[in-house]
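Chain and residue survey
Chain by chain, the residues:
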Amino acid sequence: MTETRVTKKNLERFICRVLSTNGLPEEDAGTIAELMVTADLIGQDGHGVFRLAQYVKRLKAGGINPKPVFALAEEFPASAVLDGDNGMGHLVMNHATDIAIAKARQTGVAWVGSRNSNHAGPASLYAMKALCEDMIGLYVAVGSANHMPPWGGTDMLLSTNPIAVAIPAAECPPIVLDMATTVAAYGKVKTAAQRGEMMPEGWMIDRQGNPLLDPTKSAEGFLLPIGGPKGYGLSLVFGILAGVLNGAAFGRDVVDFNADSQSKTNTGQFILMLNIAAFTDPAAFRSSIDGVWDEMKSSQRLPGVAEIRLPGERLDATLRERSVNGIPLPAALLAVLDDLADANVVARLERQAAPA
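What comes next is a walk through the structure. Nothing here was measured: the structure is a model prediction, and the numbers come from that model.

1. Describing the pattern of salt bridges
Under the defined criterion, the tally for this structure stands at 15 salt bridges. One salt bridge in this structure joins Glu-350 and Arg-13, with 3.1 Å as the shortest N-O distance. Here the residue Glu-350 occupies a position in the segment after α10 (331–343), and Arg-13 occupies one in helix α1 (residues 8–21), the gap between them amounting to 337 residues. Using a relative accessible area of 33% as the deciding quantity, one classes Glu-350 as partly exposed. On the basis of relative accessible area, Arg-13 is assigned to the partly exposed category, the value being 30%. Here Asp-98 and Lys-129 are joined by a salt bridge, their closest N and O atoms 2.8 Å apart.

Here it is as structure tokens:
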């Protein structure tokens, strides 16, 4: 598969130009561009620049407010609900995370939910903001389209409803768990379709219960939950906490932003921040996490297992490699971005990569 490497700076500049051309203030466009490119840097390819054309489509159709005015719908010392005024989800959750961090400094623990938000990229983006604050971050969202029925059913009432947890270490990489409650996030299905690849068995089944391998036929089936009914239970509970609790969409009220570019999605999310100092000495805790790394990595391995890995290990390696060598973009995605540039009368994405 042909792909081209581009630098973080060039990709951020391109995204910022496209978004500002479509009505976002330049500062907001820059914030979103940085978050989207970070998604690509950490290997979350289905949630980075891949989503740009979809965001632009919704902005042009009026499905997203380019100039939202945020307001706290509810607030207590250790919690809040942020009304995002139908703004870009990246802006809503970036602001919600800043509020949670500020509150956790004072209260030890802070929970901030959102309503009237939109798709905000990968869950780990916001959980990881805790890492430089001597905090632990936990993020949950209601997915932006329903792709899963309740266990044993066929009605699409649940989404991938992801969770991310970021835990700082001292010398080792942070532990970062970022997972959907389905075997695969729907973004992976979309990227497989764009790249002309088939899906592995176990991602989706059709309505007769047969494996569905062709991502271009995903509408004929649904995603499978992790761990069978346990994944269904997690998706249900996460949807209640991030959606129902915040007055955001859940169940039949979830708008499929893949098919509908005009309707408000009223996406719900929440971010939880734990100030480590409220529990123990932060430096000692970080050192203990290094010890957890050593203990897990030194475990006796099963035959044929070359290495034991921890959540976040691949993310850290991808971030380091792409920061040096540039972000890989497949030819099909570059063609979409070129068309997007022409349609918005902005310069095309510069291709020169970072030095190897």
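2. What to know about helix α2 (residues 26–41)
An ideal rise of 1.5 Å per residue puts 22 Å on 16 residues; α2 measures up with 22 Å between its terminal C-alpha atoms. Looking at α2, one finds that the buried residues are Ala-29, Ile-32, Ala-33, Leu-35, Met-36, Val-37, Ala-39, Asp-40 and Leu-41. Against α1, α3 (52–61), α4 (89–107), α5 (124–127), α9 (313–325) and β12 (327–330) lie the buried residues of α2. Positive backbone phi, approximately 90 degrees, marks Gly-43, located one or two places after α2.

3. Re unusual backbone geometry
Note: most residues except glycine have negative phi, and most peptide bonds are trans. Backbone geometry at Asp-85 places phi at a positive 55 degrees, although glycine is not the residue there. Summarising the element assignment, Asp-85 is placed in the loop between β3 (79–83) and α4. Backbone geometry at Asn-161 places phi at a positive 35 degrees, although glycine is not the residue there. Inspection of the secondary structure assignment puts Asn-161 in the loop between β5 (135–141) and β6 (163–167).

4. Side note on the pairing of β5
Burial within β5 is extensive, with six of its seven residues counted as buried. Bridge count for β5 against strand β11 (residues 267–275) is seven bridges, and the pairing is antiparallel. Among the inter-strand pairings, Leu-138 is bridged to a residue of β11, identified as Leu-272. Where β5 meets β6, four bridges bridge the pair, whose relative direction is antiparallel. Its bridge partner being in β6, Leu-138 is matched across the sheet by Val-165.

5. Re the nonpolar core
Ranked by internal contacts, the top residues of the largest apolar core, which has 32 residues, are Leu-11, Ile-15, Leu-52 and Leu-329. Mapped onto this core, the elements with two or more residues apiece are α1, α2, α3, β12 and α10. Grouped together as the second largest cluster of nonpolar side chains are 29 residues, Ile-99, Val-112, Ala-130 and Met-273 included.

6. Topic: the packing of aromatic side chains
Under the criterion given, the structure shown has two aromatic pairs. Ring centres 4.1 Å apart and planes at 15 degrees place the aromatic pair Trp-111 and Phe-270 in the stacked group. Taken together, the positions of Trp-111 in strand β4 (residues 109–117) and Phe-270 in strand β11 put the pair 159 residues apart, joining distant regions of the chain. The class for Trp-111 is partly exposed, based on a relative accessible area of 26%. Judged by relative accessible area, which is 3%, Phe-270 ranks as buried. Ring geometry for Tyr-126 versus Tyr-139: centroids 5.4 Å apart, planes at 35 degrees, classification tilted. A residue pair is termed long-range when its members are at least 10 positions apart, and Tyr-126 in helix α5 and Tyr-139 in strand β5 qualify at 13 residues. The exposure class assigned to Tyr-126 is buried, which follows from its relative accessible area of 0%.

7. Considerations on the sheet that holds β3
A sheet is described by the order of its strands in space; here seven strands give the open sequence β2-β3-β4-β11-β5-β6-β7, paired in mixed fashion. Looking at which strands have only one partner, the edges of the open sheet turn out to be β2 (71–76) and β7 (175–179). For this sheet the average axis-to-axis angle between neighbouring strands, irrespective of direction, equals 10 degrees. The pairing of β6 with β7 spans five bridges and is antiparallel. Each residue of the ladder has a partner; that of Val-165, found in β7, is Leu-177. Sheet strands in contact with α4 are β2, β3, β4, β5 and β11, and its direction is about 160 degrees off that of β4.

8. A short note on helix α7 (residues 229–242)
Compared with the 20 Å implied by 1.5 Å per residue over 14 residues, the 20 Å span of α7 between its first and last C-alpha is a close match. Where α7 is buried, its residues touch β4, β5, β6 and β11.

Cut-offs used in this document
Residues numbered from 1 in each chain as written. Predicted model: local features only at pLDDT ≥ 70, side-chain atom pairs only at ≥ 80, totals over all residues. Heavy atoms only, no water. Salt bridge = Lys/Arg side-chain N within 4 Å of Asp/Glu carboxyl O. Helix = DSSP H or I, 4+ residues; strand = E, 2+ residues; numbered from the N terminus. Buried < 20%, exposed > 50% of the residue type's maximum accessible area, 1.4 Å probe, protein only. Expected span 1.5 Å × (residues − 1). Contact = heavy atoms within 4.5 Å. Pairing = 2+ DSSP bridges. Core = buried A, V, L, I, M, F, W, Y, C linked by side-chain atoms within 4.5 Å. Phe/Tyr/Trp six-rings, centres within 6.5 Å; stacked < 30°, edge-to-face > 60°. Axes fitted to C-alpha atoms, helices over the stretch in contact; angles between N-to-C directions.

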